[in-house]
Every structure is written in C-alpha cells, then in structure tokens.
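# A structural walkthrough
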Amino acid sequence: QKEVEQNSGPLSVPEGAIASLNCTYSDRGSQSFFWYRQYSGKSPELIMSIYSNGDKEDGRFTAQLNKASQYVSLLIRDSQPSDSATYLCAVGDSGNTPLVFGKGTRLSVIA
Amino acid sequence: GAVVSQHPSWVICKSGTSVKIECRSLDFQATTMFWYRQFPKQSLMLMATSNEGSKATYEQGVEKDKFLINHASLTLSTLTVTSAHPEDSSFYICSASPPGGPTGELFFGEGSRLTVL
C-alpha cells in the first residue's frame, strides 16, 4: 500500500513569513511529485511539480525533493492571506498512472 | 493548464435514485481519466481509472456495480452512482493528464458535490 504522509496542521504563519510544508512517501520507486492547493469546497489546483532531486522555484513557491530520504517539501515565501488553503502532496509513478494523495496540510496565513 | 470540466457541480437526490456525473476534457483528448472521492476533512481517494473504449479499473473496496463508469469518447467519462444512499454523499472529482504533458501531471474538474437525502 503506497502511502503519502503529511502533517495535518493547521499551520499558522503571519503574513509575509515563509510557510514550510512537508511530505514523506513510502514507495521508493515513485517518479513524480506534486503539490496541489485546495480551497474549501473546491477541487485541487496544481501549483508545483518536481521530478528530480533538488529545488525547483516558481514565483513565491519552491518545491524541494530528496528521493534518498523519500521527502518532498513546499516553501511559500511572502505568505499572503490568499494562500490560506489545504495543501495536498501527491506522488506518482512514471506514465499516466493515478496519483496517491496525502491528507493535506491546512495553512492559515494571518494578516 | 489543461481544462477539465465536470457537471453538475451540486446534486441533491433522494435515497434510492441514480445520479450521473459527467467529466469532460475540453482542450485535449484523454484516453484515461481518474475518478476520486473526497469525504469532509479527508484526502482524495482514488475510486477508479476510466479507460476510453474499455472497462474501468476499480480500486479495492469500490463496488463496480454501484459506481458505473463509462468512457465512451476521448473527451467524456461519466460516473453513475446507482441506488444512492446517504453514505454515498461526498465530493466526487474527476481528473485527467494531457498527452505529451509532464509525466503524471493531473488536472482536476471542478468537482461534483453529491448529497443523498
């Protein structure tokens, strides 16, 4: 059974701070890693994907992957109240296979 | 990103009735679509993989006779919840991955919230 673990939170950070979200996964053969943002009552929205070890930056978001430790993280710089949402970590194999999701971490950015 | 659309967004039905949810890929052809279900404060759980022109593959514990999936074209998959009961009330979300796009990158429909009275 493939598993993806996340701290459920809530994680509260002040506006302008860095929010750090973490995720671990059980399947060492996983090839693709994603972060989705889900607002309450809405479907998930893809914000970052990462496939190789190291950092990947996109605007205020940085994804970090360490396959040896089976760990993936998401940093949100200059956090805004609009970033308040649940962040889902998802892990997949190669090809067109379904993703396995963590339970999500609820982030609250306090103005 | 790619566009996946679901309909209806909300549906309320009486216990024992059947409900059909449509999932369309608007700007790409999807040979495979995935149906997820999400209960309140829970994560997304994969229900089944919908394959164009062939039978769907269901996850363990998901009743294929209750959750009928039809993927009749490259842009449309439907999920029919048959003889719905209150415990089927949930948020149903479909997803697909555009061909030629980054490996495994899934795009989700808006979701369909089902309430069974």
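Structure: see above.
Since we're looking at a predicted model, the values are computed, not measured. (Residues numbered from 1 in each chain as written. Chains lettered and ligands numbered in written order. Predicted model: local features only at pLDDT ≥ 70, side-chain atom pairs only at ≥ 80, totals over all residues. Heavy atoms only, no water.)

## Observations regarding the sheet that holds strand E3 (residues 19-25) of chain B
Residues and elements named next belong to chain B. Reading across from one edge, E1-E3-E8-E7 is the order of the 4 strands in this open sheet, with antiparallel pairing throughout. This sheet does not close on itself; its edge strands, each paired only once, are strand E1 (4-7) and strand E7 (67-73). Neighbour-to-neighbour, the strand axes of this sheet turn through a mean angle of 15°, independent of strand direction. Pairing geometry for E7 and strand E8 (residues 76-81), over 5 bridges, is antiparallel. Within E8, the residue paired with Phe67 across the bridge is Val81. (Pairing = 2+ DSSP bridges. Helix = DSSP H or I, 4+ residues; strand = E, 2+ residues; numbered from the N terminus. Axes fitted to C-alpha atoms, helices over the stretch in contact; angles between N-to-C directions.)

## Describing the layout of surface pockets
Here the idea is plain: a probe the size of a water molecule rolls over the atoms and shows the empty space left. In this structure, the largest pocket spans a volume of roughly 820 Å³. Contributing to the lining of the largest pocket are 31 residues, with A:Gln1, A:Lys2, A:Val100, A:Phe101 and B:Met45 lying nearest its centre. Among the secondary structure elements, those contributing two or more residues to the lining of the largest pocket are strand E1 (4-6), strand E9 (85-92) and strand E10 (100-101) of chain A together with strand E4 (32-38) and strand E5 (45-51) of chain B. Taken together, the residues of the lining of the largest pocket sort by class into 13 nonpolar, 10 polar and 8 charged. One number sums up the size of the second largest pocket: a volume of about 590 Å³. Contributing to the lining of the second largest pocket are 24 residues, with A:Thr86, A:Arg106, B:Pro40, B:Lys41 and B:Gln42 lying nearest its centre. Of all the secondary structure elements, the ones that give two or more residues to the lining of the second largest pocket are E9 and strand E11 (105-110) of chain A. (1 Å grid on protein atoms, 1.4 Å probe; cavity = no way out; pocket = protein on both sides within 12 Å on 5 of 7 lines; lining within 4 Å. Points joined across faces, edges and corners; volume = space filled by probe spheres on them. Nonpolar A, V, L, I, M, F, W, Y, C, P; charged D, E, K, R; others polar.)

## A few points about the side chain of B:Lys66
Residues and elements named next belong to chain B. Among the structural elements, Lys66 can be located in the loop between strand E6 (57-58) and E7. Note on Lys66: relative accessible area 12%, which makes it buried. At 2.9 Å, the side chain of Lys66 and the backbone oxygen of Ser83 are in polar contact. When neighbours within four sequence positions are excluded, Lys66 is seen to be in contact with Thr80, Val81, Thr82, Ser83, Ala84, His85 and Asp88. (Buried < 20%, exposed > 50% of the residue type's maximum accessible area, 1.4 Å probe, protein only. Polar contact = N/O pair within 3.5 Å; in protein donor to acceptor, adjacent residues only side chain to side chain. Contact = heavy atoms within 4.5 Å.)

## Concerning the nonpolar core
Of all hydrophobic cores here, the largest spans 26 residues; its most connected members are B:Val4, B:Trp35, B:Phe67, B:Leu79, B:Tyr92 and B:Leu114. Mapped onto this core, the elements with two or more residues apiece are strand E2 (10-13), E3, E4, E5, E7, E8, strand E9 (90-96) and strand E11 (112-116) of chain B. Not counting residues up to four positions away in its chain, the partners in contact with B:Phe67 are B:Arg37, B:Met47, B:Tyr58, B:Val62, B:Leu79, B:Thr80, B:Val81, B:Asp88 and B:Tyr92. With 23 residues, the next largest nonpolar core counts A:Val13, A:Trp35, A:Ile47 and A:Val72 among its residues. (Core = buried A, V, L, I, M, F, W, Y, C linked by side-chain atoms within 4.5 Å.)

## Structural notes on the side chain of A:Ser32
Locating A:Ser32 in the fold gives a position in strand E4 (residues 32-38). At 3.3 Å, the side chain of A:Ser32 and the backbone oxygen of A:Asp93 are in polar contact. Those residues within four positions of A:Ser32 in sequence are excluded, and the remaining contacts are A:Ile50, A:Tyr51, A:Ala90, A:Val91, A:Gly92, A:Asp93, A:Leu99 and B:Thr103.

## A look at the interface of chain A and chain B
The interface of chain A with chain B comprises 22 residues on the first partner and 22 residues on the second. Taken together, both faces of the contact between chain A and chain B bury some 1600 Å²; the carbon and sulfur share is 57%. Contact with chain B buries area across many residues of chain A, yet A:Asn96, A:Pro98 and A:Phe101 alone supply 29% of it, more than any other trio. In this structure, the connection of chain A to chain B is made through 0 salt bridges. Connecting chain A to chain B are 5 residue pairs in polar contact (both at pLDDT 80 or more). If you list the elements that add at least two residues to the side of chain A that touches chain B, you get E4 and strand E5 (45-50) of chain A. The element that contributes the greatest number of residues to the side of chain A that touches chain B is E4(A), accounting for 4 residues. Tallied by class, residues from the side of chain A that touches chain B come to 9 nonpolar, 10 polar and 3 charged. (Buried area = accessible area lost by both parts, 1.4 Å probe. Salt bridge = Lys/Arg side-chain N within 4 Å of Asp/Glu carboxyl O.)

None of the figures reported here should be taken as evidence of function without further support.
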